[in-house]
Amino acid sequence: MPELTLTTLNWVPDLPRGYVRDLRVRWALEEAGLPYRVQSVPFTPSAPFRELDAEQIAQQPFAQVPWLSDGDQTIFESGAILLYLGERSAALLPTDPHARQQAINWVFAALNSVEAASLPWSIYQFSNDTEQTPGRKHLDAFLQARLQYTEQVLAGREWLAGEFSIADILMADVLRLVHRFDGLADAPACRAYVARATARPTFEKAYADQMAHFAAAD
């Protein structure tokens, strides 16, 4: 069986460490118990995503990380990678057809409904931009509406599809970034969900491995 290879950046500054999206893939691989290795592409502070060569661009057309190589197959975008791995492990996607479809539904909800609202908000937070413009207020309200719906769902269940799945890896990773900037202050069920997910030994190992990977290049 070809070895799975996860490609990420060789280094990032302190602020995004622990939140680069190769963490989602590391976490899924640890949950599934699939062996893998990590390789790097360079980060350049002045142009962080413009140093990839033509071969690397062919692997990830948006010049981002991560991507996963499985023999001659390349999978990019974290959601697509997790779906690919889910097909290989019942630890990542339920075998029951109904639960499986529910997990897939929530994969897309995490990315398209919640992260679509949280990402613009988090960019402002990372840049320490607190100016309350009309557009900013609209983004804040958009995120709060998404969190309100998510809170209602998580108040009634431990995991999104009954069993822990890739849907929970994605949703928990999206929500923990919001939580980093105290965006879950009014969402106790979301906070408890993030705490449950990140207490898993597989997350702890994935997180520690990512932090060590970037620290090694300091």
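All of the points below concern the structure found in this document. (Residues numbered from 1 in each chain as written. Predicted model: local features only at pLDDT ≥ 70, side-chain atom pairs only at ≥ 80, totals over all residues. Heavy atoms only, no water.)

**A closer look at the nonpolar core**
Most often, soluble globular proteins have nonpolar side chains that are buried together.
Now for step 1: Of all hydrophobic cores here, the largest spans 51 residues; its most connected members are Leu85 and Leu175.
Now for step 2: For this core, the secondary structure elements donating two or more residues are strand 1 (4-9), helix 1 (22-32), helix 3 (78-86), helix 4 (97-126), helix 5 (134-154), helix 6 (166-180), helix 7 (188-198) and helix 8 (201-215).
Now for step 3: When residues in this core are grouped by element, the largest group, 9 residues, is from helix 6.
Now for step 4: Counting residues in each nonpolar core, the second largest holds 8 residues, with Leu9, Val41, Phe43 and Phe214 among its members. (Core = buried A, V, L, I, M, F, W, Y, C linked by side-chain atoms within 4.5 Å. Buried < 20%, exposed > 50% of the residue type's maximum accessible area, 1.4 Å probe, protein only. Helix = DSSP H or I, 4+ residues; strand = E, 2+ residues; numbered from the N terminus.)

**Regarding the pattern of salt bridges**
Now for step 1: Within the structure shown, the criterion is met by 14 salt bridges.
Now for step 2: Ionic pairing is found between Glu115 and Arg24, a salt bridge with its closest N-O pair at 2.6 Å. On the criterion of sequence distance, the pair formed by Glu115 in helix 4 and Arg24 in helix 1 is long-range, its members being 91 residues apart.
Now for step 3: Take Arg24: its relative accessible area is 2%, and that puts it in the buried class.
Now for step 4: A salt bridge links Lys205 to Asp209, with the nearest nitrogen and oxygen atoms 2.7 Å apart. Of this pair, Lys205 and Asp209 both sit in helix 8, 4 residues apart, which is roughly one turn of the helix.
Now for step 5: Here Lys205 falls in the partly exposed class, since its relative accessible area comes to 40%.
Now for step 6: In the salt-bridge network here, residues are joined through shared partners; they are Arg21, Arg24, Glu115, Asp173 and Arg176. (Salt bridge = Lys/Arg side-chain N within 4 Å of Asp/Glu carboxyl O.)

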